Amino acid sequence: MKATYSQIIQASELQLLHNSKDLVIVDASTGMNAKSNYQAKHLEGAIFVDLNTQLAEIKDNLAIGGRHPLPSIENFTRILAELGIAPKSHVIIYDDKNGSNAAARFWWMLKAVGHEKVQVLNGGLHEAEKHHFPISSKIETRQKASLFKVDHWKLPLANMEDVENLSKTDNHLVIDVREPKRYSGETEPIDLIAGHIPGAINAPFHENLDENGLFLNPQLLKMKYQKLIETVRPENIIIHCGSGVTACHTILAMAYGGLEIPKLYVGSWSEWSRNNKPIINNASNAS
């Protein structure tokens with residue numbers, strides 16, 4: 001029988017796997033100093049993956065695909081091989097922001113090439129430190145792995161036209177996982193225009209976590225999202241954020257809760273807001 005893996009792994013469970021032969025630990029932290037922070041301190045054995053250069057193919061014109069468009073499937077499978085991640089690898093991904101940096105994005109991408117043995121570390125780097133997982137600053141190297149045999153993304157995706165067309169139909173749901181102030185248009189610290197896609201509802205990704213920064217238990221997540229989606233079918237549910245990264249945090253939470261994975265709109269607000277599409281700005285409407 002094929003083994004099944006929870007989407008989330010606890011730090012105590014990672015301790016038990018530390019010396020497993022096929023284990024690959026990945027630090028997917030982002031930010032200006034992410035690489036230097038990794039070089040100064042990371043979980044022992046962890047390799048670093050860069051959101052901008054390895055998990056995205058950023059174009060000169062951000063109106064095409066937004067800030068973090070997916071790489072081609074060919075480039076991604078090549079990157080996996082270079083990272084030493086093979087189809088047999090057990091991949092554990094963490095970041096320093098409770099999965100909301102690129103850990104959930106990398107999880108989605110691996111699931112989307114059909115890889116089952118991939119989990120996100122609950123609580124990330126800080127939780128592992130609390131459980132006394134060995135910390136290192138040495139250079140980590142891995143032998144190049146065999147290529148994944150896949151020629152398309154296997155998880156559901158939506159493009160800008162899908163979002164626009166679906167929003168005009170009944171029994172659909174577009175979920176914006178950004179913080180409420182960005183959704184309402186009160187503030188926009190990253191993209192050029194503030195507001196949200198007409199018809200989209202707001203379900204901030206940070207509400208997937210408890211007060212300690214850990215994912216809510218699967219039963220609570222299941223109840224939370226079942227109440228939100230009601231009778232809408234998974235193929236009519238689209239999740240987005242600013243650039244297709246933190247949206248994966250909510251998709252991860254839904255999968256952890258045992259729900260079917262909905263569509264990811266990778267371009268998200270960063271693409272939509274650059275293409276003269278209709279925009280709702282509650283803040284300006286209220287002024």
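Residues numbered from 1 in each chain as written. Predicted model: local features only at pLDDT ≥ 70, side-chain atom pairs only at ≥ 80, totals over all residues. Heavy atoms only, no water.

One broad trend across soluble globular proteins is that nonpolar side chains are buried collectively. If you look at the biggest cluster of nonpolar residues, it comprises 61 residues, and the most contacted ones within it are Ile 85, Ile 93, Phe 106, Trp 107 and Trp 108. No other element matches the eight residues that helix 10 (residues 247–256) contributes to this core. Dropping the residues within four chain positions of it, Phe 106 is found in contact with Val 26, Val 49, Leu 55, Phe 76, Leu 80, Leu 83, Ile 85 and Ile 93. The next biggest cluster of nonpolar side chains, apart from the first, holds 13 residues, and it includes Ile 9, Ile 25, Ile 92 and Leu 121. (Core = buried A, V, L, I, M, F, W, Y, C linked by side-chain atoms within 4.5 Å. Buried < 20%, exposed > 50% of the residue type's maximum accessible area, 1.4 Å probe, protein only. Helix = DSSP H or I, 4+ residues; strand = E, 2+ residues; numbered from the N terminus. Contact = heavy atoms within 4.5 Å.)

Attention now goes to the packing of helix 4 (residues 73–83) against helix 5 (residues 103–111). At their nearest, the axes of helix 4 and helix 5 sit 11 Å apart, and the two run at 110° to each other. On the basis of the axis angle, helix 4 is roughly perpendicular to helix 5. In this structure, helix 4 contributes Phe 76, Leu 80 and Leu 83 to the contact, and helix 5 contributes Phe 106, Met 109 and Leu 110. Residues that form the contact of helix 4 with helix 5 fall into these classes: six nonpolar, no polar and no charged. (Axes fitted to C-alpha atoms, helices over the stretch in contact; angles between N-to-C directions. Parallel < 35°, antiparallel > 145°, perpendicular 65-115°, else oblique. Nonpolar A, V, L, I, M, F, W, Y, C, P; charged D, E, K, R; others polar.)

The phi angle at Asn 171 is positive, at roughly 55°, despite the residue not being glycine. By secondary structure assignment, the location of Asn 171 is in the loop between helix 7 (160–166) and strand 9 (173–176). Given the relative accessible area of 34%, Asn 171 is considered partly exposed. Positive phi values are uncommon outside glycine, yet Ser 268 reaches one of about 50°.

It is worth spelling out the environment of Leu 166 at this point. By secondary structure assignment, the location of Leu 166 is in helix 7. With 86 residues separating them in the primary sequence, Leu 166 and Leu 252 have C-alpha atoms 23 Å apart.

This paragraph deals with the sheet that holds strand 9. Strands sit in the order 8-12-11-9-10 across an open sheet of five strands; the sheet is parallel. Across the chains shown, the open sheet's two edge strands, defined by having one partner strand only, are strand 8 (157–158) and strand 10 (201–202). Pairing geometry for strand 11 (residues 237–240) and strand 12 (residues 263–265), over two bridges, is parallel. Counterpart to Ile 238 in the pairing with strand 12 is Lys 263. (Pairing = 2+ DSSP bridges.)

A few words now on the environment of Ile 251. As for its placement among the helices and strands, Ile 251 is situated in helix 10. Excluding residues that lie within four positions of it along the chain, Ile 251 makes contacts with Trp 107, Trp 108, Ile 239, Ile 261, Pro 262, Lys 263 and Leu 264.

Counted by the stated rule, this structure contains five aromatic pairs. Ring geometry for Phe 76 and Trp 153: centres 5.6 Å apart, planes at 40°, overall tilted. Placement of Phe 76 in helix 4 and of Trp 153 in the loop between strand 7 (135–136) and strand 8 is noted, with a sequence separation of 77 residues between them. The residues Phe 76 and Trp 153 share a single accessibility class, namely buried. With a centroid separation of 6.3 Å and an interplanar angle of 80°, the aromatic rings of Phe 215 and Tyr 256 are classed as edge-to-face. With Phe 215 in the loop between strand 10 and helix 9 (218–229) and Tyr 256 in helix 10, the pair connects residues that are 41 residues apart, well separated along the chain. Like Phe 215, the residue Tyr 256 is buried in the burial classification. Taken together, the aromatic side chains of Phe 76, Phe 106, Trp 108 and Trp 153 make up a single cluster linked through ring pairs. The positively charged end of Lys 224 is found above the aromatic ring belonging to Tyr 225, 5.1 Å away from the centroid. (Phe/Tyr/Trp six-rings, centres within 6.5 Å; stacked < 30°, edge-to-face > 60°. Lys NZ or Arg CZ within 6 Å of the ring centre and 35° of its normal.)

Consecutive side chains along a regular strand alternate between the two faces of the sheet. The alternating pattern of strand 9 places Leu 173 and Ile 175 on one face and Val 174 and Asp 176 on the opposite face, and all of these are buried. Here strand 9 pairs with strand 11 via four bridges, running parallel. Bridge pairing in strand 11 places Asp 176 opposite His 240.

What follows deals with the side chain of Asn 101. By the element assignment, Asn 101 lies in the loop between strand 5 (90–94) and helix 5. When its relative accessible area of 13% is taken as the criterion, Asn 101 is described as buried. Here the side chain of Asn 101 touches Thr 30 through a polar contact of 3.3 Å, side chain to side chain. A distance of 2.9 Å separates polar atoms of two side chains, one belonging to Asn 101 and the other to Asp 96. (Polar contact = N/O pair within 3.5 Å; in protein donor to acceptor, adjacent residues only side chain to side chain.)

This brings us to the state of the cysteines. This model, assessed by the stated rule, comprises zero disulfides. The closest cysteine sulfur to the non-disulfide-bonded Cys 241 is located on Cys 248, 7.0 Å from its own sulfur. (Disulfide = S-S within 2.5 Å.)

This part takes up the pairing of strand 11. Neither face of strand 11 is left uncovered, since the one carrying Ile 237 and Ile 239 and the one carrying Ile 238 and His 240 both have all their residues buried. After leaving strand 11, the chain enters helix 10 and then returns to the sheet as strand 12, a path that is right-handed. (Right-handed = clockwise from strand over helix to strand, strands pointing away.)

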